Amino acid sequence: MLQAALVGFAFVALAVLFLRWVQTRKPPSSTSHGGVKEEPCNDPVRGNVPDIVTEGSLHQYLQDRHARHGPLFSFHLGPEKVFSAASPDLFRSLSASNAFNRPESLFMLFQPLITQFSIQYANDEEGRDRHHHLTAPFRGESLKGFYEIFSAVASECIDEYMQVPDGQHVNVSRDMFHIAMKAITRAAFGDFFQNPAEMEQLRNAYELVWAEMERRLDMNEPSEERQMAFEENRQVLYDLVERCIRQRRESDRGVNQGIFLDRLLMMDRSDEENIGEAVTYLVGGFHTTGNCKFVSWVDLCATW
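Residues numbered from 1 in each chain as written. Predicted model: local features only at pLDDT ≥ 70, side-chain atom pairs only at ≥ 80, totals over all residues. Heavy atoms only, no water.

A. Representation of the packing of helix α9 (residues 146-162) against helix α10 (residues 172-189). Between α9 and α10, the shortest axis-to-axis distance is 9 Å and the interhelical angle comes to 150 degrees. One way to sum up the angle between α9 and α10 is to call them roughly antiparallel. Here α9 runs over α10; the crossing is right-handed. Counting all contacts with α9, which are made through Phe 146, Ile 149, Phe 150, Val 153, Glu 156, Cys 157, Glu 160 and Tyr 161, the residues of α10 involved are Asp 175, Met 176, Ile 179, Lys 182, Ala 183, Arg 186 and Ala 187. When the residues that make up the contact of α9 with α10 are grouped by side-chain class, the tally is ten nonpolar, no polar and five charged. (Axes fitted to C-alpha atoms, helices over the stretch in contact; angles between N-to-C directions. Helix = DSSP H or I, 4+ residues; strand = E, 2+ residues; numbered from the N terminus. Parallel < 35°, antiparallel > 145°, perpendicular 65-115°, else oblique. Left-handed = near helix turned anticlockwise from the far one by under 90°. Contact = heavy atoms within 4.5 Å. Nonpolar A, V, L, I, M, F, W, Y, C, P; charged D, E, K, R; others polar.)

Quick look at the structure:
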């Protein structure tokens, strides 16, 4: 149950936070917050991206800079100046418009994977409407539907670990990522990915395309070989999502279970748009929840 609760907490937090990430074009007034500190930038094209690469990730970069500059500071993502807020009180003080809208450049690196139809590029009324509709399965009473799924995934994890011989190395980071994939696909996309073969295909394709996305953080063009591998595995990912959508539409139960995929299909959008949106939620869910579980597991072992 502890493992299931950790997955649930991270998944719900993901649904709220990564869709409403506070990187705004316009900062609050300096008089209200004692001024906005700006991170030095010496590259007019890449901005502070080299610093982000050096830190290891955007998350690590923001953690370090907020420790230096306080709850609000500015930096350059490419040529565009953006602001990061890391305080609940500060978040609430932002106007409703500023708190929701985000510069498209913040997620442009991932457009080759999540497509131009992703909610990450939707702002103003359209973005708000989509966010409200699609996140309904991740709030309120809907969360109770996750308990059984997460408990089942946790039990499967325990059974697998019970078969590991004493002294054998366990790749916790990889295992937590795989557990996150199982939990999120079942909770958000239904029965399709319970098939081990489909799950293996998804895992292999996703690991490759995400690794390529991370390599592009330095803004250098990939080689032809890397690009071909990315496109091939991205298509595997798209094909799996498309088949999942088709199966859900044709299901005898109908699209009425209230899971994320059902909410997506209620919007009556094109298959291409649905695939982009679905992949967006897969990407955010797998990566964030897997890392959260890994860190939680390490902390738990350290205090055992």
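B. Broad picture of the nonpolar core. Among the nonpolar cores identified, the biggest contains 58 residues, and Leu 113, Phe 189 and Val 279 are the most heavily contacted of them. For this core, the element with the most residues is α10, which contributes ten residues. Apart from the residues within four sequence positions on either side, Leu 113 is in contact with Val 209, Trp 210, Met 213, Phe 230, Arg 234, Leu 237, Tyr 238, Val 279 and Val 283. (Core = buried A, V, L, I, M, F, W, Y, C linked by side-chain atoms within 4.5 Å. Buried < 20%, exposed > 50% of the residue type's maximum accessible area, 1.4 Å probe, protein only.)

C. Spotlight on unusual backbone geometry. At Thr 115, a position not held by glycine, the phi torsion is positive, near 70 degrees. Examined against the element boundaries, Thr 115 turns out to sit in the loop between α7 (111-114) and α8 (124-134). For Asp 268, which is not glycine, the phi dihedral falls at a positive 55 degrees. With respect to the element layout, Asp 268 can be found in the loop between α13 (260-266) and α14 (271-302). Given a relative accessible area of 72%, Asp 268 falls into the exposed group.

D. Structural detail: α10. With 18 residues, α10 should cover 26 Å at 1.5 Å per step; its first-to-last C-alpha distance of 25 Å lies within 8% of that length. Burial within α10 is extensive, with 16 of its 18 residues counted as buried. Gly 190 sits one or two positions beyond α10 and adopts a positive phi of about 85 degrees. (Expected span 1.5 Å × (residues − 1).)

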